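Chain residues, written in single-letter form:
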Amino acid sequence: MSESLQDQIHFLIEIDKLKTIERKTRIIHGERLENDAEHSWHLAMMALVLLSHANKDVDILKVIKMLLVHDLVEIDAGDTFAYDTVGNTDKYDRELKAAHRLFGMLPKEQAEELLQLWLEFEAKQTPEAQFASSLDRLQPLIHNHQNEGDTWQKYNITSDQVLNRNREIANGSETLWEYAQQLIQKSVDQGILTKS
């Protein structure tokens, strides 16, 4: 076996740990928490299905690649809750360190490609990164609405917090941002999200 193949297999074994990283949101059709691997898969499917709602033409393969790698860093850095103001202060630094370690396990060219995809996603400047990020924001919002506000209620999250957190959905898709606002209002109307 070549050294590069050994490195690739070692990386693939290492990233299986993503299945053990729990998020704060429950799966829609069950009581357990979603894990990062499930989240990433769901986002990739959302990109395929919702592509026509992107604000601009995007390279769908690049979007899917970003979505598949964007949370790998949480193997080392852990999942930082979206509304954790303290945890979010050093999130980028923790995740960047993790990105260098994890992607650095791969042969140089692949390591650089995945690191650049992760950095592009984090910067949210390209149409692909903006669309990918909009899906990353929308997915837990849908989960929370479907789960009768489970995470929102558990952590005393208000509608203003949800609106402020998710405004950037519009950067990737105005259509999905309109949908998100309707879902937030519906959640308030149903009493599963506290009006602030």
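Everything below is about the structure shown above.
Residues numbered from 1 in each chain as written. Predicted model: local features only at pLDDT ≥ 70, side-chain atom pairs only at ≥ 80, totals over all residues. Heavy atoms only, no water.

Here K124, not a glycine, exhibits a phi torsion of approximately 55 degrees, which is positive. Residue position: K124 is located in the loop between α6 (108-123) and α7 (127-146). What makes K124 partly exposed here is its relative accessible area of 23%. Phi is positive for E148, close to 55 degrees, though the residue is something other than glycine. Along the chain, E148 turns up in the loop between α7 and α8 (150-154). Residue E148 is classed as exposed on the basis of its relative accessible area, which comes to 59%. (Helix = DSSP H or I, 4+ residues; strand = E, 2+ residues; numbered from the N terminus. Buried < 20%, exposed > 50% of the residue type's maximum accessible area, 1.4 Å probe, protein only.)

Examined against the element boundaries, F11 turns out to sit in helix α1 (residues 3-14). Here F11 is in contact with L72, L102, F103, M105, L106 and L114, once residues within four sequence places are set aside. (Contact = heavy atoms within 4.5 Å.)

A cluster of nonpolar side chains, namely M1, L5, I9, L12 and I13, defines an oily patch on the protein surface of about 520 Å² accessible area. As for its position among the elements, L12 is in helix α1. (Patch = residues over 30% accessible without salt bridge, like charges linked within 9 Å, V, L, I, M, F, W, Y side chains within 5 Å. Areas by Shrake-Rupley, 256 points an atom, 1.4 Å probe, with all protein chains shown as cover. Salt bridge = Lys/Arg side-chain N within 4 Å of Asp/Glu carboxyl O.)

Quick look at α7 now. With 20 residues, α7 extends 28 Å from end C-alpha to end C-alpha; this agrees with the ideal 28 Å at 1.5 Å per step. Burial runs high along α7: 17 of the 20 residues are buried. A positive backbone phi angle near 55 degrees is found at E148, which sits one or two residues after α7. (Expected span 1.5 Å × (residues − 1).)

What follows covers the nonpolar core. Ranked by internal contacts, the top residues of the largest apolar core, which has 49 residues, are F11, L67, F103, F131 and L135. Breaking this core down by element, the ones donating at least two residues are α2 (36-50), α3 (60-69), α5 (91-103), α6, α7, α10 (169-172) and α11 (174-189). (Core = buried A, V, L, I, M, F, W, Y, C linked by side-chain atoms within 4.5 Å.)

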